[in-house]
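Here is how the chains run, residue by residue.
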Amino acid sequence: MLSKKTKYGLKALTYLARQEGNTPVQVGEIALNENIPQKFLESILLTLRKSGCLGSKKGKHGGYYLIKKPSDILMADVMRVLEGPIALVPCVSLNFYEKCDDCPDEITCSVHKLMIQVRDSTLNVFRNNTLADICKTSKDENFTI
C-alpha cells in the first residue's frame, strides 16, 4: 500500500508542476491546497530537495520550486526516494537486494518468480511515467532553470 508520505509527495510535486513560471511556492500554500498536514509536508519537501527534484529559497517570497523539467522527473526515481525499494520482497530488489531468511533456493521459489513479474510490471509503469505525464501539463515549454 502506498504510504501517506509518498501520496503527499506526489500531490506536492504535481501542485508545483502545475504552477505558472518557476517561482517558489510556500509550504503553507501547498499544504492548504492539497490538504496535507504542513509539518509532515515540510519533511517530505526537504527529502525531495535533498534528492535533487526541488530547489528552495528562504525568505518572505521563498518556498519550493522544481529544478528539473516535469518531463525529466521519472516516477521510478520519486518512488524510490519517498517509498524506498519498489520490489515487494528483498530477494527481487534491483537496488536493495537481500536474500530471504526463509528461502533455501531462489531459483525454485514460486514467490520469487511471481514477485519478479510484479517488480518488472511496476517498474515498467514507473519508468514510463514522468511528473509531466501524471500532471497532464505542457509546462515544459515554459520551464526555465
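The structure reproduced in this document is the subject of the present report. (Residues numbered from 1 in each chain as written. Predicted model: local features only at pLDDT ≥ 70, side-chain atom pairs only at ≥ 80, totals over all residues. Heavy atoms only, no water.)

**With respect to the packing of helix α1 (residues 4-17) against helix α2 (residues 27-34)**
Going by this rule: Here, axes are lines fitted to C-alpha atoms. For helices the fit covers the stretch in contact, and angles between N-to-C directions go from 0 to 180 degrees. To qualify as a helix, a DSSP run of H or I must reach at least 4 residues; to qualify as a strand, a run of E must reach at least 2; elements of each kind are numbered from the N terminus. To sort the angles, those under 35 degrees are grouped as roughly parallel, those over 145 as roughly antiparallel, those from 65 to 115 as roughly perpendicular, and the leftovers as oblique. Helix crossings fall into two classes, left-handed where the near helix is turned counterclockwise from the far one by less than a right angle and right-handed where it is turned clockwise. Note on contacts: a residue pair is in contact if any heavy atoms of the two residues lie within 4.5 Å.
For the pair α1 and α2, interaxial distance at closest approach is 10 Å and the crossing angle is 110°. Considered as vectors, α1 and α2 are oriented roughly perpendicular to each other. Regarding α1 and α2, the two cross each other, and that crossing is right-handed. Between α1 and α2, the residues in contact are Lys11, Ala12, Tyr15 and Leu16 and Glu29, Ile30, Asn33 and Glu34, respectively.

**With respect to unusual backbone geometry**
For Asn35, which is not glycine, the phi torsion reads 55° and is therefore positive. Within the secondary structure, Asn35 is located in the loop between α2 and α3 (38-51).

**Digging into helix α5 (residues 110-127)**
This is how it is decided: The span you would expect from a helix comes to 1.5 Å times its residue count less one. Throughout this description, buried means an accessible area under 20% of the type-specific maximum (1.4 Å probe, protein chains only), exposed means over 50%, and partly exposed covers the range between. Think of it as the arc spanned by the lines of direction from the helix axis to the C-beta atoms.
Helix length check: α5, at 18 residues, gives a terminal C-alpha distance of 26 Å against a target of 26 Å (1.5 Å per residue), a fit within 8%. Those residues of α5 not exposed but buried are His112, Met115, Arg119, Leu123 and Phe126. Looking straight down α5, one finds its buried side chains confined to an arc of 70°; they lie on one side. Exposed residues on α5 whose side chains face more than 90 degrees from its buried face are Ser110 and Gln117. Looking at the packing, one finds that the buried side of α5 touches α4 (75-83).

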